Amino acid sequence: MTMDCKSLEVNVNNQRVNEAGKPQLRSVDLNLLTVFDVVMQEQNITRAAHILGMSQPAVSNAVARLKIMFNDELFIRYGRGIQPTARSYQLFGAIRQALQLVQNELPGSGFDPLCSERVFNLSVCSPLDNLLTSAIYNRVAKIAPKVNLVFNSDLNHSTEHQLRYQELEFVISYEEFRRPEFFCVPLFNDEIVLAASRQHPRLKTFITENAIFREQHAVVSLDRHASFSQPWYDSVDKRSCIAYQGMALSSVLNVVSQTHLVAIAPLWLVNMFSEGQDLQALPLPLNLKRRTCYLSWHEAAGRDKGHQWMEELLVSVCSR
């Protein structure tokens, strides 16, 4: 009997040793994860402290404990703020999803658009910003007057990173994010046309692909990431007809209206500009005559009720 008790005691001690290197959830202060989430978003201890309602030393102390918990620096000083390490970025998505799952189950955790002061960061990419930004802004202002929207119209190499770590919450663009962790909802298909001045001397000849690419073209700069114009200029011969490269399709159409250049553009945008300029839309005799507009976000954000509300609103406003 004595031997059995000793054996049991040895087994328990061995189990404690085996588990010593593996932190147990019951020993973790889960409030630290909330601090981590806010510090990751703000990348500034002072701002994070203000949002959390904590003192700056208390947040700094929490970050120090997080470093010990995850055995990593997590944040390093960068200018007046801090910069997350690769390990922080690795942790952020999983921690944020877990916090959102818990938050959604708490009493009174629903999203109330009438009272919320939440800030949503949206990218409505050019040229779609001409069509959709004001419509989104006005709808939100009407039904959620305290919600704040921050827009940009740029799609660049860091957009996936910004979505993944929720620096951006939604992107509306012609580009489809193909990685499995992104959701892409088709909103509508745009008819694409050839834009030309009404004074162009060869309007009646624009009925074949060869005729189109004998003209001089104005395009959105092909050096821009996800340039609207790029899909139609995929060969040296086609690129050789480019006479003007602008930063936005609106400036491209302005040039076309005053010259004998032509441009490929969405029908709605040509119609929008034709009212005040000498511009008209012609059928495009090319295989690519339509482009799909997508609403995209990262899966890590999808469980948040405020995010779900905004997703429904964007689909409602933008679908045609």
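Structure: see above.
Visitor: Sorry, what's going on with unusual backbone geometry here?
Guide: Excluding glycine, a negative phi dihedral is what most residues carry, and trans is how most peptide bonds are arranged. That bond from S126 to P127 is cis: its omega, 5 degrees, falls within 30 degrees of zero. Even without a glycine there, the phi angle at N71 is positive, about 55 degrees. Within the secondary structure layout, N71 lies in the loop between helix 4 (56-70) and strand 1 (75-78). Not every positive phi belongs to a glycine, and A226 is a case in point at roughly 55 degrees. Residue position: A226 is located in the loop between strand 7 (217-220) and helix 9 (236-239). Judged by relative accessible area, which is 33%, A226 ranks as partly exposed.

Visitor: What is the right way to read the pairing of strand 3 (residues 119-124) from this model?
Guide: Along any regular strand the residues' side chains alternate between the sheet's two faces. Note: strand 3 against strand 4 (residues 148-152), 5 bridges, orientation parallel. Along strand 4, the bridge assignment pairs N121 with V150. Between the parallel elements strand 3 and strand 4, the chain passes through helix 6 (residues 129-143) in a crossover that is right-handed. Judged from the 3 bridges that link them, strand 3 and strand 5 (residues 170-173) form a sheet pairing that is parallel. The partner of V124 across the bridge, within strand 5, is I172.

Visitor: Sorry if this is basic, but what is going on with the nonpolar core here?
Guide: Buried together is how nonpolar side chains tend to be arranged in soluble globular proteins. Core analysis: the largest hydrophobic core is formed by 58 residues, its most contacted members being L128, I136, I172, Y233, L253, M310 and L314. Considering every element that reaches this core, the biggest residue donor is strand 6 (residues 182-197), with 7 residues. Core analysis: the next-biggest nonpolar cluster, separate from the first, contains 23 residues, L66, L91, F92 and Y165 among them.

Visitor: It is not clear to me how helix 3 (residues 45-52) should be interpreted in this structure. Could you clarify?
Guide: Inspection of helix 3 places I45, A48 and A49 among the buried residues, and these make up the whole buried set. The arc enclosing the buried residues of helix 3, seen along the axis, measures out at 100 degrees, which places them on a common side. Residues of helix 3 that are buried sit in contact with helix 2 (31-42), helix 4 and strand 2 (81-84). The distance from a side-chain oxygen at the start of helix 3 to the backbone nitrogen of T46 is 3.0 Å, and the residue carrying that oxygen is N44. Taken from the residues just after helix 3, G53 is the one with a positive phi, measuring 70 degrees.

Criteria and thresholds
- Residues numbered from 1 in each chain as written.
- Predicted model: local features only at pLDDT ≥ 70, side-chain atom pairs only at ≥ 80, totals over all residues.
- Heavy atoms only, no water.
- Helix = DSSP H or I, 4+ residues; strand = E, 2+ residues; numbered from the N terminus.
- Buried < 20%, exposed > 50% of the residue type's maximum accessible area, 1.4 Å probe, protein only.
- Pairing = 2+ DSSP bridges.
- Right-handed = clockwise from strand over helix to strand, strands pointing away.
- Core = buried A, V, L, I, M, F, W, Y, C linked by side-chain atoms within 4.5 Å.
- Arc of directions from axis to C-beta.
- Contact = heavy atoms within 4.5 Å.
- Polar contact = N/O pair within 3.5 Å; in protein donor to acceptor, adjacent residues only side chain to side chain.

Read these as geometric descriptors, not functional statements.
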